[in-house]
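Descriptive structure summary
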Amino acid sequence: MYARRRHVYFAMMGTCLTLFVLAWAVVRLWSVPVAVGMCVIAMLIPPFAAVVANRRGPDDRWWDDPSGDPQSDEWWDELDGKKRPRPR
């Protein structure tokens, strides 16, 4: 899942850069308002790319990570129905 999110992020950011470069290298020669519109669209892509890159997938089991507090971890394991051996 991580690789897929990374690929989508880089595709979105590549699209953003491509729109920006094309807008001011090529499109502005024919129509400045269209070039500005392309830049506005390019400006909106990075926040969505960040959301996509940082989204948790269904296979990401972040809630299973131990917190570092043995008592809290034991309590949560008991609630989840897991049995962990107690350290001696």
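Now for a look at the structure at hand.

1. Considerations on the overall build of the protein chain
For the protein chain, the count of helices and strands is three helices and zero strands. Along the protein chain, from the amino end to the carboxyl end, the secondary structure elements read α-α-α. Of all 88 residues assigned to the protein chain, the portion counted as buried reaches 16%. Of the contacts made within the protein chain by residues no fewer than 6 positions apart, 49% connect residues no fewer than 24 positions apart. Taken as a whole, the protein chain presents about 7300 Å² of accessible surface, with 65% of it coming from carbon and sulfur.

2. Some details on the packing of helix H1 (residues 2-25) against helix H2 (residues 32-54)
Helix packing geometry: the angle between the two helix axes and the distance between the axes. It is the contact of H1 with H2, at a shortest axis distance of 8 Å, that shows an interaxial angle of 165 degrees. It follows from the interaxial angle that H1 and H2 lie roughly antiparallel. Considering how the two elements wind past one another, H1 and H2 form a crossing that is left-handed. Tallied by class, residues from the contact of H1 with H2 come to 24 nonpolar, one polar and one charged.

3. What about H2?
Between its first and last C-alpha atoms H2 spans 35 Å; for 23 residues at 1.5 Å apiece the expected length is 33 Å, and the two agree. For H2, the side-chain oxygen to backbone nitrogen distance between the N-cap and Val34 is 3.4 Å, and the N-cap itself is Ser31.

4. Some words on the packing of aromatic side chains
Scanning all chains against the criterion turns up one aromatic pair. Aromatic side chains Tyr9 and Phe10 sit 5.4 Å apart centroid to centroid with 70 degrees between the ring planes, which places their arrangement in the edge-to-face category. When its relative accessible area of 26% is taken as the criterion, Tyr9 is described as partly exposed. Taking relative accessible area as the criterion, Phe10 reaches 52% and is therefore assigned exposed.

Each value, and the rule that gives it
- Residues numbered from 1 in each chain as written.
- Predicted model: local features only at pLDDT ≥ 70, side-chain atom pairs only at ≥ 80, totals over all residues.
- Heavy atoms only, no water.
- Helix = DSSP H or I, 4+ residues; strand = E, 2+ residues; numbered from the N terminus.
- Buried < 20%, exposed > 50% of the residue type's maximum accessible area, 1.4 Å probe, protein only.
- Contact = heavy atoms within 4.5 Å.
- Areas by Shrake-Rupley, 256 points an atom, 1.4 Å probe, with all protein chains shown as cover.
- Axes fitted to C-alpha atoms, helices over the stretch in contact; angles between N-to-C directions.
- Parallel < 35°, antiparallel > 145°, perpendicular 65-115°, else oblique.
- Left-handed = near helix turned anticlockwise from the far one by under 90°.
- Nonpolar A, V, L, I, M, F, W, Y, C, P; charged D, E, K, R; others polar.
- Expected span 1.5 Å × (residues − 1).
- Polar contact = N/O pair within 3.5 Å; in protein donor to acceptor, adjacent residues only side chain to side chain.
- Phe/Tyr/Trp six-rings, centres within 6.5 Å; stacked < 30°, edge-to-face > 60°.

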